[in-house]
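# A look at the structure
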Amino acid sequence: MTSAINPADAANSGAAVPIMLTELRLPTIKRLWADLAAQSNREGWPAERLLHTLLGFEVAERETRRLARARADSGLPPGKSLAEFDFAAVPAVSKAHVMALAEADSWISQGHNLLAFGPPGTGKTHLLAGIGHALIDRGLKVLFMRTSELVQRLQAARRDLRLPAELAKLDRFDLIVLDDFSYARRDQAENSVLFELIAERYERKSIAITA
């Protein structure tokens, strides 16, 4: 036996939906559900279609937010994607090889490293930044820093007796890009913290260097 739905109960349910979506942390569905529910009612959608549509928007926007956070955390220079790199200007660089690195099928998982050497103005930073952006798109975590800045960060951590904790923070990144490696004027203490970083990641997590 089917019982009729009381209009007042339906109205109360509709009023409670935004509260429940807030509790469940589903902001996209909260923003869209009323319009999509109205469209569903007008067009006679099956319940599955409405649910699939709402969840699809939530998943897509959650991924967009995740990528935005990952890029912000990475420190990668904006506008330095591989699509914007002029491979024709640097014929010695194999586009096919670079695109394979951007796919990260094996070298990241095996903790291999990437070195980009050459004179100033040849696009080394852009190239590695572009690979970094591509890896973020694939769900990996990347950190981009000038070598001198990272050295200062590690030295400060050592002075504060928290170098192991700082290295543990850096370990969450699948790839660390050290830009302008050869420009950093390093004394023995600076070389020591860099060595500790490299030794900590050796054969486990990847480092990329421009010099």
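Residues numbered from 1 in each chain as written. Predicted model: local features only at pLDDT ≥ 70, side-chain atom pairs only at ≥ 80, totals over all residues. Heavy atoms only, no water.

### Some thoughts on the overall build of the chain
- Tallying secondary structure elements over the chain gives 8 helices and 4 strands in all.
- Listed N to C, the secondary structure of the chain is α-α-α-α-β-α-β-α-α-β-α-β in terms of helices and strands.
- By the compact-globule yardstick of 17 Å for 211 residues, the chain is too spread out, its C-alpha radius of gyration being 25 Å.
- On the principal axes, the C-alpha backbone points of the chain span a range of 80 × 50 × 25 Å.
- Expressed as a percentage of its 211 residues, the buried residues of the chain come to 37%.
- Between the averaged position of the 27 positive side-chain charges in the chain and that of its 26 negative side-chain charges there is a distance of 3 Å. (Helix = DSSP H or I, 4+ residues; strand = E, 2+ residues; numbered from the N terminus. Rg over C-alpha atoms; globule rule 2.2 N^0.38 Å. Buried < 20%, exposed > 50% of the residue type's maximum accessible area, 1.4 Å probe, protein only. Lys, Arg positive; Asp, Glu negative; His and termini not counted. Charge placed at Lys NZ, Arg CZ, Asp CG, Glu CD.)

### Section: the sheet that holds strand S4 (residues 206-210)
- On the basis of which strands lie adjacent, the open sheet formed by 4 strands has the order S1-S4-S3-S2 and parallel pairing. A strand with exactly one partner marks an edge of an open sheet, and here the two such strands are strand S1 (114-116) and strand S2 (142-146). Recorded for the sheet is a direction-independent mean angle of 10 degrees between the axes of neighbouring strands.
- Sheet topology places S2 next to strand S3 (residues 175-179); 5 bridges connect them, and they run parallel. For phenylalanine 144, the partnering residue across the bridge sits in S3 and is valine 177.
- Here helix H5 (residues 124-137) sits on the sheet and contacts S1, S2, S3 and S4; the angle it forms with S4, its principal contact strand, is near 155 degrees. (Pairing = 2+ DSSP bridges. Axes fitted to C-alpha atoms, helices over the stretch in contact; angles between N-to-C directions. Contact = heavy atoms within 4.5 Å.)

### A word on the environment of lysine 124
- Here lysine 124 shows up in helix H5.
- Looking at lysine 124, the relative accessible area reads 14%, which means it is buried.
- Remark: the alpha-carbon pair of lysine 124 and threonine 210, spanning 86 residues in sequence, is separated by 6.2 Å.
- Setting aside its immediate chain neighbours within four residues, lysine 124 contacts Ala116, Phe117, Gly118, Pro119, Thr210 and Ala211.

### Thoughts on helix H7 (residues 163-170)
- The set of residues buried in H7 consists of Leu163, Glu166, Leu167 and Leu170. Around the axis of H7, the buried residues are gathered within 100 degrees of arc, so they sit on the same side. Set apart from the buried face of H7 by more than 90 degrees, the exposed residues are Pro164 and Ala168.
- Looking at the buried residues of H7, the elements they touch are S2, helix H6 (147-159), S3 and helix H8 (188-201). (Arc of directions from axis to C-beta.)

### Digging into the packing of helix H2 (residues 27-43) against helix H3 (residues 47-74)
- Close contact between H2 and H3 brings their axes to 10 Å; oriented N to C, the two are set at 150 degrees. As judged from the angle between their axes, H2 and H3 are roughly antiparallel. H3 is crossed by H2, and the crossing has right-handed handedness. Between H2, through Pro27, Thr28, Ile29, Arg31, Leu32, Trp33, Leu36, Ala37 and Ser40, and H3, the contact on the second element is made entirely by Leu50, Thr53, Leu54, Leu55, Phe57, Glu58, Glu61 and Arg65.
- Across the contact of H2 with H3, the residue classes break down as 10 nonpolar, 3 polar and 4 charged. (Parallel < 35°, antiparallel > 145°, perpendicular 65-115°, else oblique. Left-handed = near helix turned anticlockwise from the far one by under 90°. Nonpolar A, V, L, I, M, F, W, Y, C, P; charged D, E, K, R; others polar.)

### Quick look at the nonpolar core
- Counting 28 residues, the largest nonpolar core has Trp107, Ile131, Leu135 and Leu175 as its most contacted members.
- Broken down by secondary-structure element, the contributors of at least two residues to this core are H3, helix H4 (95-103), S1, H5, S2 and S3.
- In terms of residue count, the dominant contributor to this core is H5 (7 residues).
- With residues up to four places along the chain from it excluded, the contact list for leucine 175 reads Trp107, Ile108, Leu135, Lys141, Val142, Leu143, Arg201, Ser206, Ile207 and Ala208. (Core = buried A, V, L, I, M, F, W, Y, C linked by side-chain atoms within 4.5 Å.)

### Points about the packing of H3 against H5
- Two elements in contact, H3 and H5, have axes separated by 10 Å at closest approach and are oriented at 145 degrees. Taken as a pair, H3 and H5 cross one another with a handedness that is right-handed. Contacts between H3 and H5 pair Arg66, Leu67, Ala70, Arg71 and Ser74 from the former with His133, Ile136 and Asp137 from the latter.
- Here the residues of the contact of H3 with H5 sort into 3 nonpolar, 2 polar and 3 charged.

### Some thoughts on the confidence of the model for the chain
- When pLDDT is averaged across the chain, the result is 88; 91% of the residues are at 70 or more.
- This stretch, residues 1-5, has a pLDDT under 50; its non-local contacts, to residues over four places away or in other chains, come to 1 contact. (pLDDT = per-residue confidence, 0-100.)

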